[in-house]
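Descriptive structure summary
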Amino acid sequence: LRFTERMAGWAGPEADGDPERGAAQGEADGTRLEFVLTIDVGDLPAMVEDAATPGRLSGTVVAPALSPRRLRVEEGSFCLAQEDPTHIDTWNMRYSMRLAADDGRRFRFEGHKVLHDRFGFDLWSDTTTLFVTISDEAGTPLVGGVMRIAPTDFARQLTTLRVTGVD
């Protein structure tokens, strides 16, 4: 399975990497956070059987709070659903990436979507809101942010879905 996802939001400096405080600071400062990622799941049957089976991420991240130019994803993984042991009936969709700037600096991007198993239609907000912390190579948080998928971007994402290797 392969598809391309675009998300955008706000990010700002945050000493502990808190996504919501960073997003509020980023919105106040006008500091956007965007990515265009291709998610490639090499073994779809394994992911269907175990949603924690990782896929690969590739693409670019725009984070002016860190670099004036696009950051390249050097290495990235995506997990559809990992159980959250701290909350009942909750799973996390995880995005983990090592980013490289043109000047040689490297960053860690950690993001998660919170998936709840509760009554009502919350699937849209669960699957379209990503909470992000970006750290330096040593693991010190630099930026927090919140990203969302716009309905038009989701419609475009659906056109990129490809399933290969099956009859």
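Quantities reported herein were computed from a predicted structural model and do not represent experimental measurements.

Rules used throughout
- Residues numbered from 1 in each chain as written.
- Predicted model: local features only at pLDDT ≥ 70, side-chain atom pairs only at ≥ 80, totals over all residues.
- Heavy atoms only, no water.
- Helix = DSSP H or I, 4+ residues; strand = E, 2+ residues; numbered from the N terminus.
- Buried < 20%, exposed > 50% of the residue type's maximum accessible area, 1.4 Å probe, protein only.
- Contact = heavy atoms within 4.5 Å.
- Areas by Shrake-Rupley, 256 points an atom, 1.4 Å probe, with all protein chains shown as cover.
- Phe/Tyr/Trp six-rings, centres within 6.5 Å; stacked < 30°, edge-to-face > 60°.
- Salt bridge = Lys/Arg side-chain N within 4 Å of Asp/Glu carboxyl O.
- Patch = residues over 30% accessible without salt bridge, like charges linked within 9 Å, V, L, I, M, F, W, Y side chains within 5 Å.
- Polar contact = N/O pair within 3.5 Å; in protein donor to acceptor, adjacent residues only side chain to side chain.
- pLDDT = per-residue confidence, 0-100.
- Core = buried A, V, L, I, M, F, W, Y, C linked by side-chain atoms within 4.5 Å.

Time to look at the overall build of the chain. Looking only at helices and strands, the chain has 4 helices and 8 strands in total. The buried share of the chain, taken over its 167 residues, is 41%. Across the chain, the fraction of contacts at a sequence separation of at least 24, relative to all contacts at a separation of at least 6, is 54%. Summed over all atoms, the accessible surface of the chain reaches about 9300 Å², with 54% contributed by carbon and sulfur.

Before going further, it helps to spend a moment on the packing of aromatic side chains. Under the criterion given, the structure shown has 3 aromatic pairs. Seen from their ring centres, F78 and Y95 are 5.3 Å apart, and the 75° between their planes marks the pair as edge-to-face. Of this pair, F78 sits in strand 4 (residues 71–83) while Y95 is found in strand 5 (residues 90–100), placing the two residues 17 residues apart along the sequence. Under the relative-accessibility criterion, Y95 is labelled buried at 1%. These aromatic residues form a ring-pair network of at least three members: F35, F78, Y95 and F109.

With that settled, consider the pattern of salt bridges. Throughout the structure, instances matching the rule amount to 15 salt bridges. A salt bridge links D153 to R6, with the shortest nitrogen-to-oxygen separation between them at 2.7 Å. One end of the pair, D153, is in helix 4 (residues 151–158); the other, R6, is in strand 1 (residues 2–13), and 147 residues separate them in sequence. Salt-bridge contacts for D40 lead to R56; the nearest nitrogen and oxygen are separated by 3.0 Å. On the criterion of sequence distance, the pair formed by D40 in strand 2 (residues 32–40) and R56 in strand 3 (residues 54–62) is long-range, its members being 16 residues apart. Since its relative accessible area comes to 53%, R56 is described here as exposed. Salt bridges here are not isolated pairs; linked through shared partners, they connect R6, E34, D153 and R156.

On the surface, F154, L158 and L161 cluster together into a nonpolar patch covering about 240 Å² of accessible area. Mapped onto the fold, L161 is located in the segment after helix 4.

Along the chain, the position of E5 falls in strand 1. Separated by 3.1 Å, the side chains of E5 and K113 make a polar contact. Not counting residues up to four positions away in its chain, the partners in contact with E5 are F35, V36, L37, I39, Y95, K113, I149 and Q157.

The pLDDT averaged across the chain works out to 88; a share of 89% of its residues lies at or above 70. When pLDDT is averaged over each element of the chain, strand 8 (residues 141–148) comes out on top at 97 and helix 3 (residues 123–128) at the bottom at 64.

The next subject is the nonpolar core. Nonpolar side chains in soluble globular proteins tend to be buried together. Residues F35, V61, Y95 and F109 are the most contacted members of the largest nonpolar core, which totals 31 residues. Of all the secondary-structure elements, those providing two or more residues to this core are strand 1, strand 2, strand 3, strand 4, strand 5, strand 6 (106–116), strand 7 (129–136) and strand 8. For V61, the contacting residues outside a window of four places in its chain are L33, E34, F35, R70, L71, V73, M97 and L99.

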